[in-house]
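Structural features, examined
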Amino acid sequence: LAVAAIPEGIPLCVTISLAIGCQEMVAKNVQVRKIAAVETLGSASVICSDKTGTLTEGKMTMTKMWSGGLEYNVTGQGFDPTKGAVFRAGVVAAPGSNSNRELGVRSTLLAALLCCDTQLFLEEDPSTGERTWQYRGNSSEAPIVVAARKVGLPEDIVSQYRRILTIPFSSSRKMMLTVTEVAGRSQLCEGGMALPPMTSSFTVCKGAPNWIIQNCSSILRADGSIDPLSEAEKLQINTQVVDAYSDLALRVLAVAVGCIQQPPLDLESEDISVDQKFEALKSGLTLCGMVASMDPDREGVQESVLAARGAGIRVVMITGDYLKTAIAIARRVDILQDHDSLTDSAVDCNMLRPAGDDQYLCDEKIDDMTSRVRVFARAKPADKLEIVKSLQRQGLVCAMTGDGVNDAPALHEARIGVAMGLQGTEVAKGAAEMVLTDDNFTSIVKAVEKGRAIYAGIQKFVAFIMSVHIAEVIQIFFCVVVSMPLMRTPLQILFLILVTDLPPSIALGMEPGERNILEQPPRPKEEPIVLGWMWISICLNGLILSVVIIGVYVVSLQHYLGVVFLSDILEKKKGTPSEAEIHDIDMNLSKARTVAFISLVFCENVRAYICRSFSEPVWVDLCTNSVMQRAVLMAQVAMLCAVLIPFFSTDILGLDGLHIGWWGWLFSLVGPAATLVLCELSKLLTKWQMKRYQRQLQLMSDEGVSDGEVDSYEDSTDSDFGRS
C-alpha cells in the first residue's frame, strides 16, 4: 500500500520536462538561464519592452534633417552610403542637383560626426561572397555616419580632428558631448560654418532635442550667420520641428556646437570630474540642426502584440525616446489602439518624479499610473526599476527587457528578467532569467506560449501520475478490505510506475500546447499546479480505473480459480493434499494477476492519450505528439517483456503471460475499452468545471483582482467547487 501511495515519478518528470523545455526554447531564440523561469513564463501578465532593437529592427535610416530653419529629406535605405543624397523639402530639384553642399547640411552632419564613435565598413559574407555595408558601434549614430558619407564628407575626415574630451551619453545627461581641437581653422570644413578667430577647440553636444535646445543661446542660420535664440523660437522649433518629426515615429537628435577660444578649465586633467567638465561646457551653445531617423518595426511584432493582448498580457513600451515618437511607434505596433486616451495611456517618465530625478511619487500614485499606462517615454534605468516594482506590487507577473549595465537592477527585480543577446552587456545577461539571442520581441511572446504549454504539460502528467497512484491505492485497499488475494506485489507496482507509466508521463510533459493556449488568461502566480477541478478529475479517473481493473481481476479469478475470495482459495488448498495441485492453484492465481496486470498497462496507455487534454475528446490531434507514440510503444514492449520472458516473468515479477491463453489476452482488452468510454464521459464534467474556472480568471483580470485576493474571490463566487 505504501509503495502504491508514493508518486516516485513526479520529480523526475518535472525535471525532464523543464530541461527539455529549455532545450526547445533555444530553437525559438530564447536561452533560459534559470530553469524555474520556464514555469514562471506561463503566468506572465505584463511584458515591459524596450523599443530600439526589440520592437524595432535597430537599423535606423536617416530620412529627414533640419538646419537653419530649413527642412531636408534624406534618400536611400540601409547603411549603403553610395546610394542617396540630401534634398531641400518642398523644392523640386533640377536633375542631378541636391543639397549636399549646403552650409547647414554639412555643418550639422560633420558636427554630429565629430560626436560619434561609430564606424562604417564593408563586410563580406563568407558563404556567398556578397559584400554589404555594416556598422560597428551605436545604432543611433549609424545613420549620421551614413548620411555624412552621402553628402561627400571624406571617410577619414574625423581623423583630421584631434578629440580632446569625450563625455559619453548617459540616461541622466540625455546627451553626448565631445571637444575637438580646431586651432588654425577658419571654418569647420569646406562649405561649413565659419569659426570665430582664435577658436582653439570645438564643442559638440548631440542628444535629446528638448535637453539640447534648452542649453542653447544662439542658432545657426542657413546663410552661416549666428543669431540669438529666443524662448519663443525655442518653443516654435519644439512644436513645429521636433513634435512634427516625432509624430512621424522618427527618432530625433539635436546637434549643438560651441566655439572655445580659452577653455574654462583643463579639459585633459584627470583631477577634474566628468560632471564638472560637463557643467562647464554644456551651456551657451549654438543650435546647429537636427537629424531624424526611421527605425522600422521588426517583422511580426504587431501580430505578437495582438497575440499577447488576446492572451490577457499587457504590453508596456519603455523607451528613452521623446513622448510623441514613442506614441507614434506604439500606435504603429498596436500597443496603443485608436480608442485609447493618450493622457491615460502614455506619459513622460518625468511624471514619475516631478520633484527631481531621485524623488519619485508615493507608491499609491505610481501604482495608479502604471495600472493604466502602456507607454513610458524618456525613461531612465531607475524608472524601469520603479515601474517593475509598482507592477509587481499590484500582483502582476512582470517580464522586463534590458540590455545595459544600468538595466541590471530592473532585470533582477522582475519575476522574468529578459536580456538582449546581441546588444546586451554581460552584466544584464547575468541579472536576467532568460536571454533573447535575436533581441526580438516576438521571441518573448513565443517563449510565453511555450512556457504555458510546458506548464500545461506538467499539469497533465501530474494528473496522470496521481490518478495512477490513487487507483493503485484503491485497488490494493479494496483487496485487503474484502479479503481478496492482493492484485499485485510491491515489485509489480514499482515496475508499473517506473517502467510502463514513466515514458507516457514524460511524453505528456512534452505535449504541444493546445491551439487556444494564447486565448486563455494568465494564471495567478500563486496558483497551485493541481487545481480543485483537476483533483475532482484525478479522483474520478482513479476511481474509474480502479472499478474497471477490479472487475477484470474478479472475472479472471473466477475464470482461472472458480473462486474470488482469499478464504475460498485457502479452503481449496487445504482440501488438496497434492503439492502439484497446490502449485496449480498458485499458477492460476498468477494467471489472474497477469490478466489484470496486462489490462492495467493497456488502460494506462489509453489514459495517456486521454490525459493529453482535460476537455477535448481523445481523437482531437491524436497523433500530433510523436513522443507519445514512442512512449506507448516502449510501455508495450516493457509489458510484454514483463509477462513473457521466462524467469524474469515468473520468478521475479510473479507473472505468467505464456499460459493465460487467448481468453486472457482478449479479456484484458475489455479494461482499456471500458476505461476509454468512461473517462471520456467524465470529461464532460471536467470541461464544464474548467470553463467555469477560466471565466472566473477572466473576470478577476477584468476587475483587477490581485493574486492575494484570488482565494477569497473564489470562495465568494463558487463555494461548491472552490477553483472549479
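Residues numbered from 1 in each chain as written. Predicted model: local features only at pLDDT ≥ 70, side-chain atom pairs only at ≥ 80, totals over all residues. Heavy atoms only, no water.

1. Re a negative patch on the surface
Filter applied, for reference: Residues with no salt bridge and a relative accessible area higher than 30% make up the patches, which join like charges within 9 Å and nonpolar side chains (Val, Leu, Ile, Met, Phe, Trp, Tyr) within 5 Å. Accessibility throughout is a Shrake-Rupley quantity obtained with a 1.4 Å probe, and a residue counts as covered only by protein chains that appear here. Whenever Lys or Arg places a side-chain nitrogen within 4 Å of a carboxyl oxygen from Asp or Glu, that contact is recorded as a salt bridge. His is not counted here, nor are the chain ends, while Lys and Arg score as positive and Asp and Glu score as negative. Note on charges: their place is set at NZ of Lys, CZ of Arg, CG of Asp or CD of Glu. Counting from the N terminus, the helices are DSSP H or I runs at least four residues long and the strands are E runs at least two residues long.
On the surface, a cluster of negative charge is made up of Glu123, Glu124, Asp125 and Glu130. You can see Glu124 is positioned in strand S6 (residues 119-124).

2. Some remarks on the nonpolar core
Stated precisely, the cut-off is as follows: Nonpolar cores were defined as sets of buried Ala, Val, Leu, Ile, Met, Phe, Trp, Tyr and Cys residues, with membership established by side-chain atoms within 4.5 Å. Accessibility here uses a 1.4 Å probe with only protein chains present; expressed as a share of the type maximum, an area under 20% marks a residue as buried, one over 50% as exposed, and anything in between as partly exposed. Residue contacts follow a heavy-atom distance rule, with two residues in contact if any of their heavy atoms lie within 4.5 Å.
Of all hydrophobic cores here, the largest spans 115 residues; its most connected members are Ile335, Phe441, Tyr553 and Phe597. If near-sequence neighbours (up to four positions away) are discounted, Ile335 is found in contact with Leu55, Val305, Arg309, Val315, Met317, Ala330, Asp340, Arg374 and Val375.

3. Quick word on unusual backbone geometry
The phi angle at Met198 is positive, at roughly 70°, despite the residue not being glycine. Its place among the elements puts Met198 in the loop between strand S9 (175-181) and strand S10 (201-207). Taking the relative accessible area as the measure of exposure, Met198 reaches 71% and is therefore exposed. In the Ramachandran plot, Ala249 falls in the positive-phi region, its phi being about 65° despite a non-glycine side chain.

4. Some details on the pattern of salt bridges
Scanning the entire structure with this criterion turns up 31 salt bridges. In this structure, the salt-bridge partner of Arg372 is Asp368, at a minimum N-O distance of 3.8 Å. Members of the salt-bridge network, linked through shared partners, are Asp50, Lys384 and Asp407.

5. Focus on the pairing of S10
Strand residues, when the strand is regular, have side chains that alternate between the two faces of the sheet. As a reminder of what qualifies: Only strands that DSSP links by at least two bridges are regarded as paired with each other.
Burial runs high along S10: seven of the seven residues are buried. Going residue by residue along S10, you find Ser201, Thr203, Cys205 and Gly207 tucked away on one face and Phe202, Val204 and Lys206 tucked away on the opposite face as well. Direction of pairing for S9 relative to S10: antiparallel, over a ladder of seven bridges. Pairing of Met176 across the sheet is with Lys206, part of S10.

6. Quick notes on empty space enclosed by the protein
The criterion, for reference: The way it works is a 1 Å grid over only the protein atoms, where trapped points that fit a 1.4 Å probe form a cavity and open points with protein on both sides within 12 Å along at least five of seven lines form a pocket, and then any residue with an atom within 4 Å of a point lines it. Grid points are joined across faces, edges and corners, and a volume is the space filled by probe spheres set on the points. Under the grouping applied here, Gly and all other residues not named as nonpolar or charged are polar, the nonpolar ones being Ala, Val, Leu, Ile, Met, Phe, Trp, Tyr, Cys and Pro and the charged ones Asp, Glu, Lys and Arg.
Taken as a whole and assessed by the stated rule, the structure comprises six cavities of 30 Å³ or more. The element that contributes the greatest number of residues to the lining of the largest cavity is helix H16 (residues 441-481), accounting for five residues. The residue inventory of the lining of the largest cavity, partitioned by class, reads 12 nonpolar, six polar and five charged. Estimated volume of the second largest cavity: approximately 130 Å³. In this structure, the second largest cavity is lined by 16 residues; those nearest its centre are Ser537, Asn541, Ile610, Cys611 and Phe614. Counting only elements with at least two residues in the lining of the second largest cavity, the list comes to H16, helix H19 (532-561), helix H21 (579-610) and helix H25 (670-703).

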